[in-house]
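In case you want the letters, here they are:
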Amino acid sequence: MKILYAASEAAPFIKTGGLGDVAESLPLQLQKEEGVEVRVVIPYYKSIKENPNFNIKFVTSFAVDLAWRKVHVGVFSAKHKNVTYYFIDNEYYFLRDGCYGFYDDGERYAYFSKAILEMLMHIDFDADIIHLNDWQTALIPAFLKTHYAHIEKYQKIRTVLTIHNIEYQGKVPNNFLSYVLGMDEGMRNVLSYGDCLNFLKSAIVLCDKITTVSETYSHEIRYAYYAHGLENILSENAYKLCGITNGINTDLYSATKDKNIYFNFKAGEVLRKRDNKMELQKELGLEVNGDIPMVAMISRLVSHKGLDLVERVANELMALGIQFVVIGTGDEKYENLFKHLAYVYPGRMSANITFNLGLASKVYAGADIFLMPSKSEPCGLSQLIAMRYGTIPVVRETGGLFDTVPALNTETLEGRGFTFKVYNAHDMLDAVRRAVEFYYDKVKYTKVVKNIMKYDSSWKVAAKKYINVYSQIIQ
């Protein structure tokens, strides 16, 4: 079984969010499975091209038609941990600072999708499956149908679409159909949704299977509250929709191996974890006291992460006698909120308006409670990472948070964290209060820390489920 994994980013080469992690870790796990060969394709961004640490080699070049244009495609490749990565090179589209947010993103990723299919003519890889990820690769089924279906080597190819976040859909003006895509009016109905063309909608209609990054999210997105306008299309195509909960790289996120933390520790070694907290308190200028419960948030600072709930009860949270550590960047409103709290509560609140992986590891290892009150969360990786470091999550019951953090029964110690259901600030506050009270019951707390650190959040289970999906559509 040969799989071409197509994504707009993949670690270690480029990562702006969770997709970058998934596009590294899942192919690595799939490649370990018997009879499976995976190759990954991403754009050849400026930051990759100019990084001397990557050993990337030229493979081939050719031209591809994009409506009336003939556009250059360069193909480069590299090996990373036994997986081959391809890089689609076009300096007009990709030699820019950053990945996304440009006026012509629709054209850039339409080109990327077409170039991926054309590349298969020029490399020694006959894909059985092309695995698409989000809107940036969502035009591949449409191009496959309109421009490549008559070619024998493409007729066996099946497509799987993974929706990581349905909020981002790839919307472009109606004239895009002929002017950029070079498709006739027969495809307009497939691509149109509302008053524009919608890349993601076309893939939902045309692909062979749709997956989401958690089981609960696959049900949620059939309802208007979560679907950002696509609920009807998803309901019509529900027969090919399933949820597979993400894993994480358990070698990378490991309290026993992480070189960024102050002291490595094994499952249940709460005194070593406490030592990490006290060193973190010193570094961040907080009161050094191993007995104060530390609550952490590591997040993009945007509203759907539940920050309006935190804003609503911020002073009541601090009144619980906690230290509060935040890492992240995002909306100025929330950056200023946490800066203000750090000013009001010196020695107890630390606002780190930055993206710093080394500091994040120290916070995961040093904090006692990890707060993730998201309005929606397709899967979420932070709660999985936190548990690897023995930090007990407090989450809202949505998406992958519901799937990975079952509510903790404080008597039987079944479950993995403290949860709340309704998107309400005081419900969140109550969940944090319960977690803080539990922290002081050291016998039970130690057992739960040990349990959550042993929870298997690797990609092994998810990879087998993906292989099952691939097998179904190949047959």
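Residues numbered from 1 in each chain as written. Predicted model: local features only at pLDDT ≥ 70, side-chain atom pairs only at ≥ 80, totals over all residues. Heavy atoms only, no water.

## Section: the overall build of the chain
Helix and strand counts for the chain come out as 22 helices and 18 strands. A compact globule built from 475 residues should have a C-alpha radius of gyration of about 23 Å, and the chain, at 23 Å, falls within 12% of that. Within the chain, the proportion of its 475 residues that are buried is 60%. Considering only intrachain contacts with a sequence separation of at least 6, the fraction spanning at least 24 residues in the chain is 70%. Surface summary for the chain: the accessible area is close to 19100 Å², and the carbon and sulfur share equals 49%. Averaging the locations of the 54 positively and 54 negatively charged side chains of the chain gives two centres separated by 4 Å. (Helix = DSSP H or I, 4+ residues; strand = E, 2+ residues; numbered from the N terminus. Rg over C-alpha atoms; globule rule 2.2 N^0.38 Å. Buried < 20%, exposed > 50% of the residue type's maximum accessible area, 1.4 Å probe, protein only. Contact = heavy atoms within 4.5 Å. Areas by Shrake-Rupley, 256 points an atom, 1.4 Å probe, with all protein chains shown as cover. Lys, Arg positive; Asp, Glu negative; His and termini not counted. Charge placed at Lys NZ, Arg CZ, Asp CG, Glu CD.)

## Focus: the pairing of strand β7 (residues 158-163)
Burial within β7 is extensive, with five of its six residues counted as buried. Direction of pairing for strand β6 (residues 129-133) relative to β7: parallel, over a ladder of five bridges. From the neighbouring strand, histidine 131 faces β7, where its bridge partner is valine 160. With four bridges connecting them, β7 and strand β11 (residues 209-212) associate as parallel partners. When the bridges of β11 are listed, leucine 161 appears paired with isoleucine 210. (Pairing = 2+ DSSP bridges.)

## Observations concerning the sheet that holds β7
Read from one edge to the other, the open sheet built from nine strands follows the order β3-β4-β5-β2-β1-β6-β7-β11-β12, with strand pairing classed as mixed. Each edge of the open sheet is held by one strand with a lone partner, namely β3 (57-66) and β12 (241-243). The sheet shows a mean angle of 25° between the axes of neighbouring strands, taken without regard to direction. Across the face of the sheet, helix α5 (residues 140-148) comes into contact with β1 (2-6), β3, β6 and β7 while running at roughly 135° to β6. Of the strands in this sheet, β1, β6, β7, β11 and β12 are in contact with helix α22 (residues 460-474), which crosses β7 at around 145°. (Axes fitted to C-alpha atoms, helices over the stretch in contact; angles between N-to-C directions.)

## Description of unusual backbone geometry
A cis amide bond links alanine 11 with the next residue in sequence, proline 12, at an omega value of 5°. Inspection of the secondary structure puts proline 12 in the loop between β1 and α1 (18-32). One non-glycine residue, lysine 81, lies in positive phi territory at about 50°. Position of lysine 81 among the secondary structure elements: in the loop between β4 (69-80) and β5 (83-89).

## Observations concerning the layout of surface pockets
Quantified by volume, the second largest pocket comes out at close to 290 Å³. Residue lining of the second largest pocket: 14 residues in total, with Leu28, Gln29, Lys32, Asn249 and Asp251 positioned closest to the centre. For the lining of the second largest pocket, the element with the most residues is α1, which contributes five residues. Here the lining of the second largest pocket is built from residues that sort into three nonpolar, seven polar and four charged. (1 Å grid on protein atoms, 1.4 Å probe; cavity = no way out; pocket = protein on both sides within 12 Å on 5 of 7 lines; lining within 4 Å. Points joined across faces, edges and corners; volume = space filled by probe spheres on them. Nonpolar A, V, L, I, M, F, W, Y, C, P; charged D, E, K, R; others polar.)

## Concerning the side chain of arginine 388
The topology assignment puts arginine 388 in helix α18 (residues 382-388). Within the buried core, arginine 388 has no salt-bridge partner, and the shortest N-O distance to an opposite charge, that of aspartate 251, equals 6.2 Å. One polar contact links the side chain of arginine 388 to the main-chain carbonyl oxygen of tyrosine 253, over a distance of 2.8 Å. When neighbours within four sequence positions are excluded, arginine 388 is seen to be in contact with Ile248, Thr250, Tyr253, Ser254, Ala255, Met453 and Ser457. (Salt bridge = Lys/Arg side-chain N within 4 Å of Asp/Glu carboxyl O. Polar contact = N/O pair within 3.5 Å; in protein donor to acceptor, adjacent residues only side chain to side chain.)

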